[in-house]
Amino acid sequence: MTNGPDLRVILSPNANPESSSEVLEAGFIEVSKLKGNIGKESYPLPAGIDMSAFNSVVSYCKPFRVAFAVAPLN
């Protein structure tokens with residue numbers, strides 16, 4: 001994954017968001033700041049979250065409003 005400024009981990013209801021508005025559509029959750037861009041990472045999720053409401057995990061640059069990477073959830 002490419003490194004960038006102020007990257008966040010976002011759960012998005014959109015399966016393949018390309019624009020900022022698609023990443024941040026109603027129902028998204030900002031999980032955490034991205035810890036790093038090499039190797040495995042894990043992030044605790046909020047209690048009671050319904051994962052069936054989300055279709056992708058997005059690495060999102062908050063200041064520039066750009067999706068750096070998208071991973072679909074199955």
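Owing to the predicted nature of the structure, the values given are computational and were not obtained by experimental measurement.

**Brief notes about the sheet that holds strand E3 (residues 56-61)**
Strand pairing in a sheet is mediated by backbone hydrogen bonds. Such pairs are either parallel or antiparallel.
In step 1: With respect to topology, four strands assemble into an open sheet ordered E2-E1-E3-E4, the strand pairing being antiparallel. The sheet terminates laterally at strand E2 (29-33) and strand E4 (66-72), the two strands that pair on one side only. Going across the sheet, the axis of each strand differs from the next one's by a mean of 25°, ignoring polarity.
In step 2: Direction of pairing for strand E1 (residues 7-12) relative to E2: antiparallel, over a ladder of four bridges. Counted as the bridge partner of Val 9 is Ser 32 from E2.

**Considering the nonpolar core**
In step 1: With eight residues, the main nonpolar core is built from Leu 7, Val 9, Leu 11, Val 31, Leu 34, Tyr 43, Phe 54 and Cys 61.
In step 2: Leaving out residues up to four positions away in the same chain, Val 9 has contacts with Ile 29, Glu 30, Val 31, Ser 32, Leu 34, Tyr 43, Val 57 and Val 58.

**Quick notes on the pattern of salt bridges**
Close approach of charged atoms allows side chains with opposite charge to pair.
In step 1: Evaluation of the coordinates by the stated rule reveals four salt bridges.
In step 2: Here Lys 33 makes a salt bridge to Asp 6, at a shortest N to O gap of 3.7 Å. Separated by 27 residues along the polypeptide, Lys 33 in strand E2 and Asp 6 in the segment before E1 bring together distant segments of the chain.
In step 3: Overall, the relative accessible area of 48% leaves Lys 33 in the partly exposed class.

**Overview of the pairing of E3**
In step 1: The element E3 is extensively covered by neighbouring structure, given that five of its six residues are classed as buried.
In step 2: Where E1 and E3 come together, six bridges link them in antiparallel fashion. Looking at E3, one finds that Leu 7 is bridged to Cys 61.
In step 3: As judged from the six bridges shared by E3 and E4, these two strands associate in the antiparallel manner. In the strand pairing of E4, Cys 61 is matched with Val 66.
In step 4: A loop of four residues connects E3 with E4, the two strands running antiparallel in sequence, and Arg 65 in this loop sits at a positive phi of about 55°.

**Quick word on the confidence of the model for the protein chain**
In step 1: In this model, the protein chain carries an average pLDDT of 91, and 96% of its residues clear a pLDDT of 70 or more.
In step 2: Per-element confidence in the protein chain is highest for E1, whose mean pLDDT is 96, and lowest for E4, whose mean pLDDT is 93.

What counts, and where the lines are drawn
- Residues numbered from 1 in each chain as written.
- Predicted model: local features only at pLDDT ≥ 70, side-chain atom pairs only at ≥ 80, totals over all residues.
- Heavy atoms only, no water.
- Pairing = 2+ DSSP bridges.
- Helix = DSSP H or I, 4+ residues; strand = E, 2+ residues; numbered from the N terminus.
- Axes fitted to C-alpha atoms, helices over the stretch in contact; angles between N-to-C directions.
- Core = buried A, V, L, I, M, F, W, Y, C linked by side-chain atoms within 4.5 Å.
- Buried < 20%, exposed > 50% of the residue type's maximum accessible area, 1.4 Å probe, protein only.
- Contact = heavy atoms within 4.5 Å.
- Salt bridge = Lys/Arg side-chain N within 4 Å of Asp/Glu carboxyl O.
- pLDDT = per-residue confidence, 0-100.

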